[in-house]
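# Per-entry structural report
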Amino acid sequence: AQSVTQPDIHITVSEGASLELRCNYSYGATPYLFWYVQSPGQGLQLLLKYFSGDTLVQGIKGFEAEFKRSQSSFNLRKPSVHWSDAAEYFCAVGTNAGNMLTFGGGTRLMVKP
Amino acid sequence: EPEVTQTPSHQVTQMGQEVILRCVPISNHLYFYWYRQILGQKVEFLVSFYNNEISEKSEIFDDQFSVERPDGSNFTLKIRSTKLEDSAMYFCASSGGGKGAGNTIYFGEGSWLTVV
């Protein structure tokens, strides 16, 4: 069965600083990988996804993520964080065997002025 | 942009009562899902539904849970006899296309269920 680990429960960065949120997955074959963001009181919004092809994927709101098979990682990055990026970020993995997603525990991002 | 809508946004119910959470998936989507998130915990898969039947379900989705697509637009989750541990945010989601998580899953804003 697949699993996802987000090692950082909380991260605080200053506005304008760069950001990297870590995600490690466990799955025997090529996974489908997703990053979702959840703002307070909101649902889960898809930031970006990796299915195949180019391992660097671009998403909405200036986010990108890189799939590294050798490290079983799919880290999310943003070069310059805005105060509105404060939210909880979830990495998720899916497979070709079914439609369910397995989520990581989430990373709560706080942005200092 | 099309979206998944859920009602109610928040419901408080007494232990042992039945609860129905409602969802309107994106109109041309074929797969429908329920996930839940207990406060402070991971988002967990409950069930997926395709072609008017359950296609996958997790261990959490026991006999007290049921899903239904009563008409062409709604998708419901029923909890027959609620327990305190059912208190959670319940997310409805939908996706188009065929089998395999290669189809993007779109989530609603969630329904907070509080069991007292």
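Our structure is the block above this text.
Residues numbered from 1 in each chain as written. Chains lettered and ligands numbered in written order. Predicted model: local features only at pLDDT ≥ 70, side-chain atom pairs only at ≥ 80, totals over all residues. Heavy atoms only, no water.

### Observations regarding the sheet that holds strand 3 (residues 19-24) of chain B
The pairing of strands in a sheet comes from backbone hydrogen bonds and takes either a parallel or an antiparallel form. Residue and element names in this part refer to chain B. The following threshold applies: Pairs of strands are assigned from DSSP output, requiring at least two bridges between the strands. Only runs of H or I of at least four residues qualify as helices and only runs of E of at least two qualify as strands under DSSP, and these elements are numbered from the N terminus. Angles here are taken between N-to-C directions and fall from 0 to 180 degrees, while the axes themselves are lines fitted to C-alpha atoms, restricted in helices to the stretch in contact.
Strand order in the open sheet formed by four strands is 1-3-8-7, with antiparallel pairing between adjacent strands. Looking at the sheet topology across the chains shown, the edges are occupied by strand 1 (5-7) and strand 7 (65-68). Strand-to-strand twist in this sheet, taken as the mean axis angle between neighbours without regard to direction, amounts to 20 degrees. As paired strands, strand 1 and strand 3 are joined by three bridges and run antiparallel to one another. Along strand 3, the bridge assignment pairs Gln6 with Cys23.

### Brief notes about the nonpolar core
Heads up, the condition is: The nonpolar core is taken to be a set of buried Ala, Val, Leu, Ile, Met, Phe, Trp, Tyr and Cys residues, with the residues joined through side-chain atoms within 4.5 Å. When a residue's accessible area, from a 1.4 Å probe over protein chains only, is under 20% of the maximum for its type it is buried; when over 50% it is exposed; and in between it is partly exposed. In what follows, a contact means two residues having at least one pair of non-hydrogen atoms within 4.5 Å.
Judged by nonpolar contacts, the single largest core of 26 residues is most densely connected at A:Leu19, A:Trp35, A:Leu47, A:Leu48, A:Phe74, A:Leu76 and A:Tyr89. Where this core is concerned, the elements lending two or more residues are strand 2 (10-14), strand 3 (19-21), strand 5 (32-38), strand 6 (45-50), strand 8 (64-68), strand 9 (73-78), strand 10 (87-94) and strand 12 (107-112) of chain A. Each residue touching A:Phe74, except ones within four places of it in the same chain, is listed here: A:Cys23, A:Leu33, A:Phe34, A:Trp35, A:Leu48, A:Lys49, A:Tyr50, A:Val57, A:Ala65, A:Glu66, A:Phe67 and A:Cys91. Grouped together as the second largest cluster of nonpolar side chains are 22 residues, B:Ile26, B:Trp34, B:Phe61 and B:Cys92 included.

### Comments concerning the state of the cysteines
Put simply, the test is: For this text, the term disulfide refers to a pair of cysteine sulfurs within 2.5 Å.
Scanning the model with the defined rule gives two disulfides over all chains in all. Each sulfur of the disulfide joining A:Cys23 and A:Cys91 lies 1.9 Å from the other. Measuring the twist about the S-S bond at about -65 degrees, one finds the A:Cys23-A:Cys91 disulfide to be left-handed. Here A:Cys91 lies in strand 10 and A:Cys23 lies in the loop between strand 3 and strand 4 (24-26), a separation of 68 residues in the sequence. A sulfur-sulfur distance of 1.9 Å marks the disulfide that ties B:Cys23 to B:Cys92. Every disulfide takes its handedness from the sign of the S-S torsion; for B:Cys23 and B:Cys92 that torsion is -70 degrees, giving left-handed. Taken as a pair, B:Cys23 in strand 3 and B:Cys92 in strand 9 (residues 88-95) lie far apart in primary sequence, 69 residues in all. We note that B:Cys23, like B:Cys92, is buried.

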